[in-house]
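Tertiary structure, described
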Amino acid sequence: MTSATMQTRDIGSWPKNIALARSTGRGWRDIHAQHVAVEPWTGTLDPVGNPCLGYCVARPAQIRRRIGRGGATEASTLRPRQFHLIPAHDKSEWQRRGRSEMLAMHLRQGLIDETARQMWSATAPRVELDIPLGTSDPLLEQLALAILEILREEPDASSALYVDELVHAMVVRLVRAYTANGRSSRTVLDNDALDRGEMRRIRDLIEERLAEDLSLEALAAEIGVSPRTLSRVCLKQWGTTVHQYVLSRRVERAKTMLLSTDLAITAIAFDTGFSSQSHLATAFRRLTGLTPKHYRLIGRS
């Protein structure tokens, strides 16, 4: 029931369930995710202290759920693109009919509590999420799909930076939309103001350190803000995450080196911060539609 960083349920190991992909061993700190083929089952779940957000990837299932002593029984068909929640602190009773594919995301309760304190500027010792069965939420869905995409890829240490940002954005959405305080007040503290000099400093640091293992925490520390604040500001001002911006700059640097040098593609990959030639090729093809080798051939023809 444990991951490297938090208490979780190993849903993929339940009888007849099949774990299609796991985040175990990927260095993800605030989330433990599993893509699971889930079989029908009935049972009671004890709390583990961290909530599990479930996203239906494929095929519907009929769900009955009761949370806590004396709680009302909910019943709904959980369809693809919808969410449900296994609570962090309450025992819950479940009955599932139907086979479906689910993305199960255990989120660190400490991050949820810390986010709530920052958003509400008040003491929030423990925050309870409340997500009805069958909830549809386009923003949460896009974040969940991004996590699922990474989960399906080969393990890559550099993806931890991207996942951190996705999880932070997901937790902000959950606290704003699915807690009592969040529903009663949508006001969020605006700590997202960074001046042009600070943003230019971040760009310069990224250019200087493209070949290094850039982290959101290290960049944020350079200008004295929290990683979460930097993530939000970059998304707002650049229209993309820090991870995607770094990736795009690495690909641009690789493009220049492919055309202006005779270095092997493996050497270019390492010199631009990729962990391997295949890692460079995957990112390069995603952003340009070409492999590095093909790009070099076309550019020199």
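Just above sits the structure.
These notes cover the structure that comes with them. This structure is a prediction, so every number in the text was calculated from the model and none was measured.

Looking at the sheet that holds strand 3 (residues 41-45)
- Read across the open sheet, the four strands follow the order 3-8-5-6; overall the sheet is antiparallel. Here the strands that pair on one side only, and so sit at the sheet edges, are strand 3 and strand 6 (73-78). For this sheet, the mean inter-axis angle between neighbouring strands, taken without regard to orientation, is 15 degrees.
- Two elements, strand 5 (residues 61-67) and strand 6, share six bridges in a ladder whose sense is antiparallel. When the bridges of strand 6 are listed, Ala 61 appears paired with Leu 78.

As for the nonpolar core
- Counting residues in each nonpolar core, the largest one holds 39 residues, and the members touching the most others are Trp 28, Ile 31, Met 105, Ile 147, Met 170 and Leu 174.
- Going through the elements one at a time, strand 2 (31-38), strand 4 (52-58), strand 7 (83-86), strand 9 (100-107), helix 1 (109-120), helix 2 (138-152) and helix 3 (159-177) are the ones with two or more residues in this core.
- Among the elements that make up this core, the one with the highest residue count is helix 3 (11 residues).
- In contact with Ile 31, not counting residues within four places along its chain, are Met 6, Ser 23, Met 105, His 106, Leu 107, Ile 147, Val 163 and Val 167.

Observations regarding the packing of aromatic side chains
- The full count for this structure, using the stated rule, is four aromatic pairs.
- Ring geometry for Trp 14 and Trp 41: centres 4.9 Å apart, planes at 70 degrees, overall edge-to-face. Of the two residues, Trp 14 sits in the segment before strand 1 (18-22) while Trp 41 sits in strand 3, which places them 27 residues apart along the sequence.
- Seen from their ring centres, Phe 284 and Tyr 295 are 5.4 Å apart, and the 70 degrees between their planes marks the pair as edge-to-face.

Let's talk about the packing of helix 5 (residues 196-208) against helix 6 (residues 216-223)
- At a minimum axis distance of 10 Å, the contact between helix 5 and helix 6 shows a crossing angle of 135 degrees. In terms of orientation, helix 5 lies oblique with respect to helix 6. Note on packing geometry: the crossing formed by helix 5 with helix 6 is right-handed. Along its contact with helix 5, which presents Glu 198, Arg 201, Ile 202, Leu 205 and Ile 206, the element helix 6 presents Leu 219, Glu 222 and Ile 223.
- Among the residues forming the contact of helix 5 with helix 6, the class breakdown is five nonpolar, no polar and three charged.

Digging into the environment of Ile 31
- Mapped onto the elements of the fold, Ile 31 is located in strand 2.
- Judged by relative accessible area, Ile 31 falls into the buried class, the value being 2%.
- Between the alpha carbons of Ile 31 and Gln 109 there is a distance of 9.8 Å; along the sequence they are 78 residues apart.

Topic: the layout of surface pockets
- Of the volumes computed, that of the second largest pocket is approximately 440 Å³.
- Glu 153, Asp 156, His 279, Thr 282 and Arg 286 are the residues nearest the centre of the second largest pocket, which is lined by 20 residues in total.
- For the lining of the second largest pocket, the elements supplying multiple residues, two or more each, are helix 2, helix 3, helix 8 (242-260) and helix 10 (277-288).
- Per-element accounting of the lining of the second largest pocket gives the leading share, five residues, to helix 10.
- A class-by-class count of the residues in the lining of the second largest pocket yields six nonpolar, nine polar and five charged.

The rules behind these values
- Residues numbered from 1 in each chain as written.
- Predicted model: local features only at pLDDT ≥ 70, side-chain atom pairs only at ≥ 80, totals over all residues.
- Heavy atoms only, no water.
- Pairing = 2+ DSSP bridges.
- Helix = DSSP H or I, 4+ residues; strand = E, 2+ residues; numbered from the N terminus.
- Axes fitted to C-alpha atoms, helices over the stretch in contact; angles between N-to-C directions.
- Core = buried A, V, L, I, M, F, W, Y, C linked by side-chain atoms within 4.5 Å.
- Buried < 20%, exposed > 50% of the residue type's maximum accessible area, 1.4 Å probe, protein only.
- Contact = heavy atoms within 4.5 Å.
- Phe/Tyr/Trp six-rings, centres within 6.5 Å; stacked < 30°, edge-to-face > 60°.
- Parallel < 35°, antiparallel > 145°, perpendicular 65-115°, else oblique.
- Left-handed = near helix turned anticlockwise from the far one by under 90°.
- Nonpolar A, V, L, I, M, F, W, Y, C, P; charged D, E, K, R; others polar.
- 1 Å grid on protein atoms, 1.4 Å probe; cavity = no way out; pocket = protein on both sides within 12 Å on 5 of 7 lines; lining within 4 Å.
- Points joined across faces, edges and corners; volume = space filled by probe spheres on them.

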